[in-house]
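A closer look at the structure
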Amino acid sequence: MRVLAVHPGPLMYTKIFLRLEPLGLELVAAAARQAGHEVGLIDLQVEDHRAFFRLIDAWRPDVIAFSCNYLANIPEIVDLAKAAKTRLPRTVICVGGHSASFVAKAIIDHGEGAIDCVLRGEGEACVPPLLAAIEAGGDLAAVPGAVTMDGEGPPPGFVHSLDDLLPARDLVRHRRKYFIGVLDPCASIEFSRGCPWDCSFCSAWTFYGRSYRLLSTERVVEDLRRIREPGIFIVDDVAFVQERHGMELGEAVARAGIKKRYYLETRGDVLLRHKEVFRFWKELGVAYMFLGLEAIDEDGLKKYRKRVPLGRNFEALEFARSLGVHVAINLIADPDWDHERFRIVREWCLEQPEIVNISVNTPYPGTESWLTEERRLQTRDYRLFDIQHAVLPTRLPLDEFYGELIATQRAIYRKHIDWRDIRGVAGISTRLLLRGQTNFVKSLFKLNSVYRTDVLLADHRAPVKYEIPLQPSAPARGVSVEPASGRSLYIHAPRGRAGRAIDSATERFVDETRMGATP
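Before going into details, it helps to say that this report is about the structure given with it. Since this is a predicted model, take the numbers as computed values, not measurements. (Residues numbered from 1 in each chain as written. Predicted model: local features only at pLDDT ≥ 70, side-chain atom pairs only at ≥ 80, totals over all residues. Heavy atoms only, no water.)

1. Quick notes on the sheet that holds strand S4 (residues 63-67)
If you walk across this open sheet you meet the 7 strands as S3-S1-S4-S5-S6-S7-S8, and the pairing is mixed. Single-partner strands in this sheet number two, and they are strand S3 (38-43) and strand S8 (151-152). Inspection of the sheet shows strand S6 (residues 117-119) paired to strand S7 (residues 146-148) by 2 bridges, in the antiparallel sense. From the neighbouring strand, Leu119 faces S7, where its bridge partner is Ala146. (Pairing = 2+ DSSP bridges. Helix = DSSP H or I, 4+ residues; strand = E, 2+ residues; numbered from the N terminus.)

What follows is the structure, encoded as structure tokens:
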């Protein structure tokens, strides 16, 4: 069968600071290929809807598979599915991905018959049996992880081995369009999958059942050898949780003579615990490090359930600086912030040599904060769930909240892209332009056109076509509804210690630095 994999368009943040290779979709495409199907891929981050319709009209795929990792993309996906179904009524249309897994039934309902199936869980495991059922004319509702109008299949299963597939990178038609900061162009790769912690604002652990799995050094090196781009974004939720794995990977990369520049994300406590790993990877080419501090006070850390003492976070920041890498910090702006709180945060940010990104506290389906906050939502418009809009009630009037948020982001941006320091920016930009790379240079001029109070407020006023459903507050008469709980959030059932490829010492470290109960 002909299978077309589709990544939806860019979100607000990705219009400026990064545009990442659709690695998950490339892995799903590889699984479909391995099952014997002809596969195409289109990424609407870099192509437009007209290109999508031209492609389906010309190629006429038997199956269209949309990737949905972000809630804010759901309206676009549903509308494209409806339009595609009108053109190709016999084509089976399915949706999968991280966010789709948590709102699968809602997506089916929004599709009004245009979407045949939503797959929950890891796509590499679910897609081959789904395609087999389609080809055989079987019942899609019997496929593990499947949700259809007629019912749901058995729970999804994990990929048997993360080493079984290499991403189908050849299917991406515009590889030089992907970048993150000055890593332009930039490919993506994974060294591990899952997260053993359980932060209240995050759904990585509920999706993967608090599992943590590793790719082999041989598989990673083989993939790195195939990547032509000089920049690499390591997509792991937390880099180098397992010290031995990090060192073995580094040694294998060094032996292979692979020279790249890397961007990674990690936790402050992991960074301090595995200093030698990060020193080694700095020698191998780590150029950028993203640290999710989330808050600059103890109360904020408790709210987001990050059990890292504030002092340790700042100690980690100092160590990252000592490595000589560029450090990016993330803070979470709470809707309860007032003018004084924004002022304090802004002054702190401007005192730091690092660039600071500020995201807005947003409860998502699949997170514990969703269970506690969903009834307080001011909007359920999917498009606003992008961590750039406020969806909970703000203490300040909404226009003033956005005014403070924009003022803070622009002040930080001006500090790092200052005309008085134009020589540094110009040097980087010139080197990229000489290689034909324009992504980073264009990003320098986009902030003021994208991050604007009037634009954010206009998004709130736009007509709402699709809304995130709430959990029923009370069952209808005669209907039994299971109450929502932390365990009910899991997409993949937790397997406890057996599901985490970490040694006993690391397991104890994880338990000491997380706030939830061990499953």
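2. Looking at the pattern of salt bridges
Using the criterion set out here, one finds 39 salt bridges in the structure. Here Glu190 ties to Arg193 by a salt bridge, and the two come within 2.6 Å at their closest N and O atoms. With a shortest N-O distance of 3.2 Å, Asp336 and Arg395 are connected by a salt bridge. Of this pair, Asp336 sits in the loop between strand S16 (326-333) and helix H14 (339-351) while Arg395 is found in the loop between helix H15 (368-373) and helix H16 (398-416), placing the two residues 59 residues apart along the sequence. Taken together, the salt bridges that share partners define one network made up of Glu21, Glu26, Arg169, Arg175, Arg219, Asp223, Arg226 and Glu229. (Salt bridge = Lys/Arg side-chain N within 4 Å of Asp/Glu carboxyl O.)

3. So, the packing of helix H8 (residues 217-226) against helix H9 (residues 243-256)
Two elements in contact, H8 and H9, have axes separated by 9 Å at closest approach and are oriented at 40°. In this view, H8 runs oblique relative to H9, as classed from their interaxial angle. For the pair H8 and H9, the crossing hand works out as right-handed. Across the interface between the two elements, Thr217, Val220, Val221, Leu224 and Arg225 from H8 touch Glu248, Leu249, Ala252, Val253 and Ala256 from H9. When its residues are assigned to classes, the contact of H8 with H9 shows 7 nonpolar, 1 polar and 2 charged. (Axes fitted to C-alpha atoms, helices over the stretch in contact; angles between N-to-C directions. Parallel < 35°, antiparallel > 145°, perpendicular 65-115°, else oblique. Left-handed = near helix turned anticlockwise from the far one by under 90°. Contact = heavy atoms within 4.5 Å. Nonpolar A, V, L, I, M, F, W, Y, C, P; charged D, E, K, R; others polar.)

4. Observations regarding the state of the cysteines
In total, this model carries 0 disulfides according to the counting rule given. Cysteine Cys94 is unpaired, with the sulfur of Cys117 as its nearest cysteine sulfur at 6.0 Å. Cysteine Cys126 remains unbridged, with the sulfur of Cys117 as its closest cysteine sulfur at 8.7 Å. Among the residues examined, Cys126 registers a relative accessible area of 2% and is labelled buried. (Disulfide = S-S within 2.5 Å. Buried < 20%, exposed > 50% of the residue type's maximum accessible area, 1.4 Å probe, protein only.)

5. Structural notes on helix H11 (residues 275-284)
Every buried residue of H11 is accounted for by Val277, Phe278, Phe280, Trp281 and Leu284. Looking straight down H11, one finds that the buried residues subtend no more than 160° of arc, so they occupy a single side. Trailing H11 by a residue or two, Gly285 shows a phi angle of about 130°, which is positive. (Arc of directions from axis to C-beta.)

6. Observations regarding the sheet that holds strand S14 (residues 261-266)
If you trace the 6 strands from one edge of the open sheet to the other, you get S10-S13-S14-S15-S16-S17, paired in parallel fashion. Either end of the sheet is taken by a strand with one partner, and the two such strands are strand S10 (186-189) and strand S17 (355-360). Ignoring which end each strand starts from, the neighbouring axes of this sheet average 20° apart. Where S16 lies against S17, 6 bridges are found, and the strand directions are parallel. In the strand pairing of S17, Ala328 is matched with Ile355.

7. Digging into H14
Between the first and last C-alpha of H14 there are 18 Å, a value that for 13 residues agrees with the 18 Å anticipated at 1.5 Å per step. What H14 keeps buried is the set Phe342, Val345, Arg346, Trp348 and Cys349. The buried residues of H14 occupy one face: seen down the axis, they fall within an arc of 165°. (Expected span 1.5 Å × (residues − 1).)

8. Digging into the nonpolar core
Among the nonpolar cores identified, the biggest contains 72 residues, and Leu224, Tyr262, Trp281, Met289 and Leu331 are the most heavily contacted of them. Once residues within four sequence positions are removed from consideration, Trp281 is found in contact with Phe191, Phe240, Gly246, Leu249, Gly250, Val253, Tyr262 and Val286. Counting 41 residues, the second largest nonpolar core, distinct from the first, contains Ile56, Ile74, Ala100 and Phe385. (Core = buried A, V, L, I, M, F, W, Y, C linked by side-chain atoms within 4.5 Å.)

Read these as geometric descriptors, not functional statements.
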